[in-house]
Amino acid sequence: MEKLNIGIVLGSTRQGRLSPQVGNWVKEIADKRGDANYEIVDIADYKLPFLGEGTGKEPGLIAWSEKLSSLDGFVFIVQEYNHSITGALKNALDSARDEWNNKAAGIVSYGSTGGARAAEHLRGILGELLVATVRAHPTLSIFTDFTNSKVFNPADFHTDYTTTMLDETLSWSRALKTVRKS
């Protein structure tokens, strides 16, 4: 069976962000499975202009479109800022359209309430982009899963729930790949 390509999307571009630590942790868990090709997709690398600004032909936009088109599914690393997702992530989502369609996504969130409010906002946005989100959703507390709110040190039980989220994401990604082919 052909391996799927799953992007682990880092949802923040802020200096000192924690998403690379969380994303790398998810990737380590995922890579041990050997069931798909997992890669970190850092929106900061694309230097996306704000939606509606520029010509639409900026190299970052073209590279972003190509990257999204190459992926069968996603795991979003989402941090909660002011009860929602970051502006950078919202802009990255809005900077493409068809490239998202009929794909699946898992969400790993963090914040004072485990990032749950941001994840719920993200689910609504992804639904509009025709991305199916899976039920399993690891929520990480900035108070208990990070030392001094800076160093990621997750509780052991998060690994099992992340595995479940990956199982669901792969299952839905595989199913939706058949939809994209038809």
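Residues numbered from 1 in each chain as written. Predicted model: local features only at pLDDT ≥ 70, side-chain atom pairs only at ≥ 80, totals over all residues. Heavy atoms only, no water.

A. Expanded view of the packing of helix 3 (residues 87-94) against helix 4 (residues 116-128). Where helix 3 meets helix 4, the closest approach of the two axes is 11 Å, and the angle between their N-to-C directions is 10 degrees. If you check the angle between helix 3 and helix 4, you find them roughly parallel. Contacts between helix 3 and helix 4 involve Leu89, Lys90 and Leu93 from the former and Leu122, Ile125 and Leu126 from the latter. (Axes fitted to C-alpha atoms, helices over the stretch in contact; angles between N-to-C directions. Helix = DSSP H or I, 4+ residues; strand = E, 2+ residues; numbered from the N terminus. Parallel < 35°, antiparallel > 145°, perpendicular 65-115°, else oblique. Contact = heavy atoms within 4.5 Å.)

B. Layout of the nonpolar core. Counting 27 residues, the largest nonpolar core has Trp64, Phe76, Leu93, Trp100 and Leu122 as the members making the most contacts within it. Elements with a minimum of two residues in this core: helix 2 (59-69), strand 3 (73-79), helix 3, strand 4 (103-111) and helix 4. Of all the elements, helix 4 adds the most residues to this core, at 5 residues. If near-sequence neighbours (up to four positions away) are discounted, Leu93 is found in contact with Phe76, Ile85, Trp100, Leu122, Ile125, Leu126 and Leu129. Counting residues in each nonpolar core, the second largest holds 25 residues, with Leu10, Val75, Ile77 and Met165 among its members. (Core = buried A, V, L, I, M, F, W, Y, C linked by side-chain atoms within 4.5 Å. Buried < 20%, exposed > 50% of the residue type's maximum accessible area, 1.4 Å probe, protein only.)

C. Region of interest: the pairing of strand 4. Of all 9 residues that make up strand 4, 9 are buried, and the element is covered over most of its length. Along strand 4, one buried face is formed by Lys103, Ala105, Ile107, Ser109 and Gly111 and the opposite face, lined by Ala104, Gly106, Val108 and Tyr110, is buried too. The pairing of strand 3 with strand 4 spans 7 bridges and is classified as parallel. Each residue of the ladder has a partner; that of Val78, found in strand 4, is Ser109. Between the parallel pair strand 3 and strand 4, the chain is carried across by helix 3, and the sense of this crossover is right-handed. (Pairing = 2+ DSSP bridges. Right-handed = clockwise from strand over helix to strand, strands pointing away.)

D. Looking closely at the pairing of strand 1 (residues 4-10). Counting buried positions along strand 1 gives 6 out of 7 residues, so the element sits mostly inside the fold. Taken together, the 7 bridges between strand 1 and strand 2 (residues 36-42) define a ladder with parallel strand orientation. Bridging from a neighbouring strand, Ile8 pairs with Ile40 of strand 2. In this fold, strand 1 hands off to helix 1 (residues 19-33), which returns the chain to strand 2; that crossover is right-handed.

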